[in-house]
Amino acid sequence: MKRLVCLLAIGALCAIGIGCGAPPAQDAEPEIGNVELVERFHRTRPNTVIVAAAEGDFDGDGTRDLGVVYRDERDRFRTVVLLDRASGPQFTNAHKAPVERQVLEVKDIDGKLPYELVVRGRKGPNIGYAIYRVEDGELVDVFGSNMADCCGN
Ligand SMILES: [Ca+2]
């Protein structure tokens with residue numbers, strides 16, 4: 001009888017939303033400052049989930065852009081930069097991204113602007129990373145290490 005009361009109590013707590021209502025962590029998107037860029041991205045590419053993001057000026061125009069790794073509806077992971085342009089949001093081409101533990105960083109690799117985007121992550125035991133730079137609106141692969149083994153299809 002005590003067990004039944006206990007289960008009922010837990011059920012009641014769940015029903016009013018205490019302790020059981022947390023959304024699944026894998027679908028929670030990271031906190032991102034530039035909401036307009038993210039909203040435009042999701043309108044353009046529905047059914048995608050941003051799994052990692054880093055804000056920085058990647059095209060050197062003084063506005064804060066957003067480097068993201070996203071998962072699409074076919075479970076593919078991609079890196080893209082969302083550019084905050086005067087004419088409106090603009091997206092670069094995408095590159096294959098690591099499938100687990102993705103981390104994005106804004107770095108000044110070469111000592112001059114704009115900043116580079118560093119992506120690292122893994123697939124099982126395989127760790128890879130890459131450095132990208134935005135050149136004329138294109139996301140250019142500057143350097144990569146072991147990306148073939150840590151990226152999906
Ligand atoms: Ca910018």
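Throughout, a residue's number is its position along its own chain's written sequence, starting from 1. Confidence filtering applies because this is a predicted model: local features only for residues at pLDDT of at least 70, side-chain atom pairs given and counted only at 80 or more, and all residues used for totals across whole chains, interfaces and linings.

Right, let's get into the overall build of the protein. Across its full length, the protein carries three helices and nine strands. For helices the rule is a DSSP run of H or I covering at least 4 residues; for strands it is a run of E covering at least 2, with both sets numbered from the N terminus onward. Each helix and strand of the protein, ordered N terminal to C terminal, gives the series α-α-β-β-β-β-β-β-β-β-β-α. Out of the 153 residues belonging to the protein, those deemed buried represent 28%. Residue pairs at least 24 apart in sequence account for 38% of intrachain contacts in the protein once pairs closer than 6 positions are excluded. Neighbour density around each residue's C-beta defines its exposure: 20 or more other C-beta atoms within 10 Å make it buried, 12 or fewer make it exposed, and counts between make it partly exposed, where C-beta atoms are placed from the backbone. C-beta atoms are first placed from the backbone for all residues, and any pair lying within 7 Å is then listed as a contact.

To continue, consider the sheet that holds strand 7 (residues 116–123). Each strand in a sheet pairs with its neighbour through backbone hydrogen bonds, running either in the same direction (parallel) or in the opposite one (antiparallel). Note on pairing: two strands pair once DSSP finds at least 2 bridges between them. The sheet built from four strands is open, its strands ordered 6-7-8-9 with antiparallel pairing. For this open sheet the edge positions go to strand 6 (100–107) and strand 9 (138–145), each flanked by a neighbour on one side alone. Direction aside, the axes of adjacent strands within the sheet are offset by 25° on average. In terms of strand pairing, strand 6 meets strand 7 through six bridges, oriented antiparallel. Opposite Glu 100, over in strand 7, you have Arg 122 as the bridge partner. Axis definition: a line fitted to C-alpha atoms, over the contacting stretch in the case of helices. Angles run 0 to 180 degrees between N-to-C directions.

The next point concerns the nonpolar core. Judged by nonpolar contacts, the single largest core of 29 residues is most densely connected at Val 68, Val 69, Val 81, Leu 82, Leu 104, Leu 117 and Val 119. Elements with a minimum of two residues in this core: helix 2 (35–44), strand 1 (49–56), strand 2 (65–71), strand 3 (77–85), strand 7, strand 8 (126–135) and helix 3 (147–150). Ranked by residues supplied to this core, first place goes to strand 3 with five residues. Note on terminology: a nonpolar core is a set of buried residues of type Ala, Val, Leu, Ile, Met, Phe, Trp, Tyr or Cys, with members joined through C-beta atoms within 7 Å.

With that out of the way, let us pick up the pairing of strand 4 (residues 88–91). Summarising the sheet, strand 3 and strand 4 pair through four bridges and their orientation is antiparallel. Across the sheet, Leu 83 pairs through a bridge with Gln 90, a residue of strand 4. Hairpin remark: strand 3 followed by strand 4, antiparallel, with two residues in the connecting loop.

What you tend to see is this: most non-glycine residues have negative phi, and most peptide bonds are trans. Looking along the chain, the bond that leaves Leu 113 and enters Pro 114 is cis, with omega of 0°. By the secondary structure assignment, Pro 114 is in the loop between strand 6 and strand 7. Positive phi is not limited to glycine here, since Asp 75 has a value of about 60°. Looking at where Asp 75 falls in the secondary structure, it is placed in the loop between strand 2 and strand 3. Phi is positive for Asp 136, which is not a glycine, with a value near 50°. Secondary-structure assignment places Asp 136 in the loop between strand 8 and strand 9. Asp 136 sits in the exposed class, given 7 other C-beta atoms within 10 Å.

Moving on to the environment of Glu 138. In this fold, Glu 138 is placed in strand 9. Residue Glu 138 is classed as exposed on the basis of its C-beta count, with 11 C-beta atoms lying within 10 Å. Here the alpha-carbon distance between Glu 138 and Val 80, two residues 58 residues apart in the chain, equals 9.7 Å. Residues contacting Glu 138, with those up to four places away along its chain left out, are Thr 92 and Asn 93.

Within the secondary structure layout, Ser 145 lies in strand 9. Take Ser 145: there are 13 C-beta atoms within 10 Å of it, and that puts it in the partly exposed class. When the C-alpha atoms of Ser 145 and Gly 128 are compared, they prove to be 5.5 Å apart, with 17 residues separating the residues in sequence. The residues touching Ser 145, leaving out its near neighbours within four places in the chain, are Gly 128 and Tyr 129.

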